[in-house]
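One letter stands for each residue in the lines below.
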Amino acid sequence: EGGLVAMQVEGDTEAVMSNAQVDSIPFNWAAVLLAALLPLMADTLPRDSNGICVIPHRHRMEKQRANDDAMYLTSSGRLAYRTNKVCDNCQKRILDAHFFHCSEGCDIDFCEDCQSKLREVFESFFAHTRDEADKEHRYQQLVWVISITECVAAQILRQTPEDRTRLAHEFAFEWPTALFGRLVRVVTDVINAKVVHVQDVKDIQSDQRFWYTVGLLQFLYSANALPCQTKIVDGSADSRGPKVEYTSFILDGINKCEPISEWQRWREHPSAKVPDMLAISRFEVTVDFCSFLTHNNLVPVSFRRVCLLCDIWEQIQMEVVTGMGRVVPLQIEVRRDPPRLLEDLLSNFGGMSDGQLRRPLRVTFEGEEGAGMGVLREFFQVALRSFLDSSGSLQLFNFNEQLRTYWFNDGADNPMAFRACGVLLGQAVLNSILVPNIFPSVFYERLLHDLESPYARPLGLDDVSKVSRETAMSLHRILEYAEDDVGTVFGGLDFAPLLLPEDFRLSQSTKQVYVDAYVSWFFHGRIAAQLTPLSEGFRAIVGSSSLLQRMIGAVQLEQIVCGASVPVDIPAIRRGSAHEGWAEDEQEYLALFWDVVESFSDQEKIQFIVFVTASCRVPLRGWQDLQMVVQKNGTGDERLPSAHTCFCQLLLPRYTSRETLAACLRTAIANSEGFGLK
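Cut-offs used in this document
Residues numbered from 1 in each chain as written. Predicted model: local features only at pLDDT ≥ 70, side-chain atom pairs only at ≥ 80, totals over all residues. Heavy atoms only, no water. Salt bridge = Lys/Arg side-chain N within 4 Å of Asp/Glu carboxyl O. Helix = DSSP H or I, 4+ residues; strand = E, 2+ residues; numbered from the N terminus. Buried < 20%, exposed > 50% of the residue type's maximum accessible area, 1.4 Å probe, protein only. Pairing = 2+ DSSP bridges. Axes fitted to C-alpha atoms, helices over the stretch in contact; angles between N-to-C directions. Parallel < 35°, antiparallel > 145°, perpendicular 65-115°, else oblique. Left-handed = near helix turned anticlockwise from the far one by under 90°. Contact = heavy atoms within 4.5 Å. Nonpolar A, V, L, I, M, F, W, Y, C, P; charged D, E, K, R; others polar. Phe/Tyr/Trp six-rings, centres within 6.5 Å; stacked < 30°, edge-to-face > 60°. Lys NZ or Arg CZ within 6 Å of the ring centre and 35° of its normal.

In this section: the pattern of salt bridges. On inspection of all chains with the given rule, the structure shows 31 salt bridges. Taking the shortest distance from any N to any O, the salt bridge between glutamate 314 and arginine 267 comes out at 3.0 Å. Pair noted here: glutamate 314 is in helix 9 (residues 301-322) and arginine 267 is in helix 8 (residues 259-268), with a separation of 47 residues, a long-range link. You can call glutamate 314 partly exposed: its relative accessible area is 25%. Since its relative accessible area comes to 39%, arginine 267 is described here as partly exposed. Note that glutamate 604 and arginine 666 form a salt bridge whose closest N and O atoms lie 2.8 Å from each other. With glutamate 604 in helix 24 (residues 602-613) and arginine 666 in helix 25 (residues 658-670), this residue pair connects regions lying 62 residues apart in the sequence. Among the ionic contacts, a cluster of salt bridges with common partners joins Asp43, Arg47, Arg185 and Asp189.

Let's shift gears to the pairing of strand 11 (residues 629-635). The pairing of strand 10 (residues 578-580) with strand 11 spans three bridges and is parallel. By the bridge assignment for strand 11, histidine 579 is matched with valine 630.

Before going further, it helps to spend a moment on the packing of helix 24 against helix 25. At a closest axis distance of 9 Å, the pairing of helix 24 and helix 25 adopts a crossing angle of 70 degrees. One way to sum up the angle between helix 24 and helix 25 is to call them roughly perpendicular. The chirality of how helix 24 crosses helix 25 is left-handed. The segment helix 24 lies against helix 25, with Glu604, Gln607, Phe608 and Phe611 engaging Arg666, Ala668, Ile669 and Ala670. Its residues assigned to classes, the contact of helix 24 with helix 25 comprises five nonpolar, one polar and two charged.

What follows is about the packing of aromatic side chains. Applying the stated rule across the entire model yields 31 aromatic pairs. Measuring from centroid to centroid gives 5.0 Å for phenylalanine 125 and phenylalanine 126, while their planes differ by 85 degrees, and the two rings are edge-to-face. As far as burial versus exposure is concerned, phenylalanine 125 and phenylalanine 126 are alike and both buried. Relative to phenylalanine 522, the ring of tyrosine 518 has its centre 6.4 Å away and its plane inclined at 25 degrees; by these criteria the two rings are stacked. One end of the pair, tyrosine 518, and the other, phenylalanine 522, are both in helix 18 (residues 511-523), four residues apart, so they sit about a helical turn from each other. The same class applies to tyrosine 518 as to phenylalanine 522, namely buried. Through a chain of ring-to-ring contacts, three or more aromatic side chains come together here, namely Phe397, Trp407, Phe408, Phe418, Phe439, Phe443, Tyr444, Tyr514, Tyr518, Trp521, Phe522 and Phe523. A cation over an aromatic ring shows up here: lysine 135 above the ring of phenylalanine 126, its NZ or CZ 5.5 Å from the ring centre.

This part covers the sheet that holds strand 12 (residues 642-644). With respect to topology, four strands assemble into an open sheet ordered 10-11-13-12, the strand pairing being mixed. The outermost strands of the open sheet, each flanked by one partner alone, are strand 10 and strand 12. Each strand of the sheet is rotated relative to its neighbour by a mean of 30 degrees, with strand direction disregarded. Pairing analysis gives five bridges linking strand 11 to strand 13 (residues 649-654), with the strands arranged parallel.

Along strand 7 (residues 361-365), four of the five residues are buried, which leaves the element largely enclosed by surrounding structure. Note that strand 6 (residues 330-334) and strand 7 share five bridges and pair parallel. The residue of strand 7 that forms the bridge with glutamine 331 is arginine 362.

Right, here's the structure in full:
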């Protein structure tokens, strides 16, 4: 009942070209063949509402009903069912009475909503076919694209390292960028379409053709990086960038996979690495290769974050087993007033060990009955602002008006407060709460240094400019000064804190030594008294994660803590939103509301998001995961929209006209500030 069209793409499906036919092609024609095939392969697979390619499960999906004894009421009063199922499309727990399960017993389930949406996708995909023969032709084209991609992958990866390297250089330096980008998109589309089906079988290594396609994408990734190894032909020392953006290789379909299974698979081979696809003498699909987390460069940061939480929770559970107890949340009560809230945090966190702090946080405000996730989000907003807005002897950070970021106040002497701030950031990760992007990116590089991560890179002069442009410009002037009197011109410099020899003199031959020493002091010695306790607090919560130490770079860590920064996608937000309090005959008004918001300028869209959520950062899995609630808030043109940012809830009145609706929305969002930034 309601099953999707069955489809077989892994087996002996007849393709236009067989493996043997592809193998017979002289390899020097591989690039020509691909260039000819690409127009037939690009954008031929169906896509879901998030733009990710999908294919039907190979068996019919049957409608199931949860047992009545599994029924319960949620804290919000909603009727729900304990199905012990997770939807394999949206990765959310299935709480509805009905869901869909594979008729042949495969470990795959869909919630009703995803089943309905996927059915619409496939019906739309075949909607323009004239008859059954035309429908079958389109179906075979879909199968052919997947099959030929897998055949080409096997052909390329079976070649000698010399032939593979020659082909990679042709892709990197001879192919037009647009053509190469189209090839990458075809390969990622095929992998995204199959990835969830591959994970749903017990032996994930069994689909060799799929893993060869993943190998092809890694080969293209290596080819994409080749231009970075060459210099720009203009006399400068700068390198060229990659052929296309590295984000083009991210496999968003992995977000539909089960994180716990992937984390457990990675844990068995934590040191596994992708081989050098250009240099490896013979490519083989090994157990190490058949783990999505092995392919760190292709995995979405949202999936890494969930796996990171699995890793942290494993450490928490191990401590509980060792202590023969159970996980007891870290319950604290705080006052709302920022200075007093800061006092309460220092009092609560100050006397606790790392193990006591490494527990899920539960917060209540003094004199208030509210509790739960909404209160927790509000707590993080107020608590972080209390750290940033502290003044006098408690001023922990300085705000840079030009860069609109915060950096350490190197005169602050309050290690307990900095440790508590680090604990707060770590708890935000543990409780899946995004905080504002208030620190420069180099802040996360320094955290990785303290975590002794292999992804921590040396910091240079360009990084100084992310904290203080004035300081970076002064250092640049020293390097650019070409006269012999450099020591006289810049003779007022203080060498004492830089750990340079006592007899050090600034000259043309030593100025680079001075700048390097200053940069090192700027990021280490100068802020050691502030960063060290903050880093200790952060590590107390998440530092025990081996996945964090082995797989997360600074960019990914920043996105895990803060979310990503991408243009606001109103249609995606609308798809993931809920409407409360509206009558059936008011759906037209809601459509008008979304139309007005979509007509906003880019800046107004950002203001709208800040107004509703107190942050302009996109959720890790995309704007559709914002889960905004649009609730009716009476009628009348005299009132303005309002919002409960901790619940991502917009309180929208019913206005008499589109013009009034737009004007009131613009007035309301004009003063939206968000928290943490001045």
